[in-house]
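For reference, the chains in residue letters:
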Amino acid sequence: MDLYGVFGNPVSHSLSPTIHQLFAAQTGQQLEYHKYPAPIDGFADALDAFIKAGGKGCNVTLPFKEQAFGLAKRLSKRATQAKAVNLLSIDSDGTLFGDNSDGAGLVHDLKDRYGSLQQMRVLLLGAGGAARGALGSLLQESPSQLVVANRTLSKAETLVREFSEDGAPLQSSSFEALEGHFDLIINSTSASLSGQLPAISPALLAPDTVCYDMVYGKEITPFNRWAKEQGVRETLDGLGMLVWQAAESFLLWRGVLPDGQAVLNQLRSQLA
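The present account deals with the structure reproduced in this document.

The rules we used
All residue numbers refer to positions counted from 1 along the written sequence of the respective chain. Local features in this predicted model are restricted to residues whose pLDDT is 70 or higher, and side-chain atom pairs enter the listing and the counts only when it is 80 or higher, whereas totals over whole chains, interfaces and linings include all residues. Hydrogens and water molecules were not included; the side-chain quantities draw on all heavy atoms of the structure. A side-chain nitrogen of Lys or Arg and a carboxyl oxygen of Asp or Glu constitute a salt bridge if their distance falls within 4 Å. Helix and strand definitions follow DSSP, with helices as H or I runs of at least four residues and strands as E runs of at least two, each counted in order from the N terminus. The rule is simple: take the accessible area with a 1.4 Å probe, protein chains only, and divide by the maximum for that residue type; under 20% is buried, over 50% is exposed, in between is partly exposed. The arc in question is the one spanned by the directions pointing from the helix axis to the C-beta atoms. A contact between two residues is defined here by any heavy atoms of the two lying within 4.5 Å. When DSSP finds two or more bridges between two strands, those strands count as paired. Axes here mean lines fitted to C-alpha atoms, for a helix over just the part in contact, with angles spanning 0 to 180 degrees between N-to-C directions. We call a set of buried residues a nonpolar core when its members are Ala, Val, Leu, Ile, Met, Phe, Trp, Tyr or Cys and they connect through side-chain atoms within 4.5 Å of each other. Ring pairs are drawn from Phe, Tyr and Trp, using the six-membered ring of Trp, whenever the two centres fall within 6.5 Å, and their geometry is named by plane angle: stacked under 30 degrees, edge-to-face over 60, tilted for the rest. The criterion for a charge sitting over a ring is simple: Lys NZ or Arg CZ within 6 Å of the ring centre, and within 35 degrees of the ring normal. If an angle is under 35 degrees, it is roughly parallel; if it is over 145, roughly antiparallel; if it lies from 65 to 115, roughly perpendicular; otherwise it is oblique. Handedness of each helix crossing follows the sense of rotation of the near helix against the far helix: counterclockwise by less than a right angle gives left-handed, clockwise gives right-handed. Three classes are used, and their members are as follows: Ala, Val, Leu, Ile, Met, Phe, Trp, Tyr, Cys and Pro are nonpolar, Asp, Glu, Lys and Arg are charged, and the others, Gly among them, are polar.

Moving on, we get to the pattern of salt bridges. Using the criterion set out here, one finds twelve salt bridges in the structure. The salt bridge involving Lys65 is made with Asp102; its shortest N-O contact spans 2.8 Å. A residue pair is termed long-range when its members are at least 10 positions apart, and Lys65 in helix H3 (residues 65-71) and Asp102 in helix H5 (residues 102-114) qualify at 37 residues. The exposure class assigned to Asp102 is buried, which follows from its relative accessible area of 11%. A salt bridge links Lys111 to Glu141, with the shortest nitrogen-to-oxygen separation between them at 3.2 Å. Of the two residues, Lys111 sits in helix H5 while Glu141 sits in the loop between helix H6 (129-140) and strand S8 (145-150), which places them 30 residues apart along the sequence. In the salt-bridge network here, residues are joined through shared partners; they are Arg78, Asp99 and Glu248.

With that out of the way, let us pick up helix H7 (residues 153-163). Here H7 has its buried residues at Ala156, Leu159, Val160 and Phe163. Buried residues of H7, viewed axially, fall in a sector of 100°; they line one side. Residues of H7 that are buried sit in contact with helix H4 (77-82), H6, S8 and strand S9 (170-174).

Let us now look at the sheet that holds strand S6 (residues 96-99). A sheet is described by the order of its strands in space; here six strands give the open sequence S2-S1-S3-S5-S6-S4, paired in mixed fashion. Among the strands making up the open sheet, the edge pair consists of strand S2 (31-37) and strand S4 (74-75). Across three bridges, the pairing between strand S3 (residues 55-60) and strand S5 (residues 87-90) is antiparallel. Looking across to S5, one finds that Gly57 is bridged to Ser89. Against the sheet, helix H9 (residues 239-254) touches strand S1 (2-8), S2, S3, S5 and S6, its axis set at about 10° to S5.

So, on to the sheet that holds strand S10 (residues 184-187). With parallel pairing, the six strands of this open sheet are ordered in space as S9-S8-S7-S10-S11-S12. Here the strands that pair on one side only, and so sit at the sheet edges, are S9 and strand S12 (234-236). Averaged over all pairs of adjacent strands, the angle between strand axes in this sheet comes to 20°, irrespective of strand direction. Where strand S11 (residues 210-213) meets S12, three bridges bridge the pair, whose relative direction is parallel. Across the sheet, the residue bridging to Val210 is Glu234, located in S12.

What follows deals with the nonpolar core. Of all hydrophobic cores here, the largest spans 28 residues; its most connected members are Leu106, Leu110, Leu138, Val148, Leu184 and Ile186. Looking at this core, the element that brings in the most residues is H6, giving five residues. What Leu184 contacts, discounting residues up to four positions off in sequence, is Leu110, Leu117, Met120, Arg121, Val122, Leu123, Val210 and Tyr212. Membership of the second largest hydrophobic core comes to 21 residues, among which are Ala24, Leu87, Val243 and Leu264.

A word on the packing of aromatic side chains. For the structure on display, the rule yields nine aromatic pairs. Seen in terms of ring centroids, Phe23 and Phe250 are 5.6 Å apart; in terms of plane orientation they differ by 70°. Their pairing is edge-to-face. Of this pair, Phe23 sits in helix H1 (residues 16-27) while Phe250 sits in helix H9, and the two are 227 residues apart along the sequence. Here the two residues Phe23 and Phe250 agree in accessibility, since each one is buried. Their ring planes at 10° and their centres at 4.9 Å tell us that Phe43 and Phe64 sit as a pair that is stacked. Taken as a pair, Phe43 in helix H2 (residues 43-52) and Phe64 in the loop between S3 and H3 lie far apart in primary sequence, 21 residues in all. Classification of Phe43 by relative accessible area gives buried; the value is 0%. Three or more aromatic residues joined by ring pairs form one cluster here, namely Phe7, Tyr36, Phe43, Phe50 and Phe64. Lying over the aromatic face of Phe182, Arg121 brings its terminal NZ or CZ to 3.9 Å of the ring centre.

With their axes 7 Å apart at the nearest point, H5 and H9 run at an angle of 120° to one another. Between H5 and H9, the angle is such that the two are oblique. Between H5 and H9 the crossing geometry is right-handed. Two secondary-structure elements touch here, H5 through Asp102, Ala104, Gly105, Leu106, His108, Asp109 and Asp112 and H9 through Gly240, Met241, Trp244, Gln245 and Glu248. Of the residues that constitute the contact of H5 with H9, the class distribution is four nonpolar, four polar and four charged.

Rendered as structure tokens:
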């Protein structure tokens, strides 16, 4: 039976095995998918052992996405843009192909709900790996404006320079300098993981603003709770992003696109 898995540290909380087992049952595929808690300084060795054990592919989560990028011999365009890999496919000769499906998962989740991001004024909070993984996919959806804001302005400026093309509606900002209302605000910072909030003004939110936190859990995230208190139209967490990036992984490995919405509905019920 073909072997797959997810590498991270920590990784015990990961829903990926559940998601891929549901995908496999849904599509009639035979596979195993396990969690691999690699040591912080031992990802390459753990991955090599996985390949020698017959591994066909794996997902990669924090803090190993940049290391996976460096180990891959072939890279997709979106992985090259992101400079990070969350998805590895292992060829028969052991060659690693690296991809990044995080941005595609985010956009799929958003488009399922809103149909299009065109003409939206979008604010992306944070300029780290999560923002880098999302930015290319967001730009492909032709928002009217996409602002990358970060506590340290220089990091946002660097990210915008790397992704800017002629005519791209992309700008950088500090949190303090942000002005006006946004249609969509995406929190890619890790603030919610520590119960904190990005230091942005409530004045950026309008009643029809949608707020999206890439973090998910059984309880509403601190960012989404704060947004609800400001009276926004809707808040979303990152569970849909997780499911749809996994569906992209499954498609690459197995050649079949599963019904992500059915799995997402099932996970929502379990978390509730």
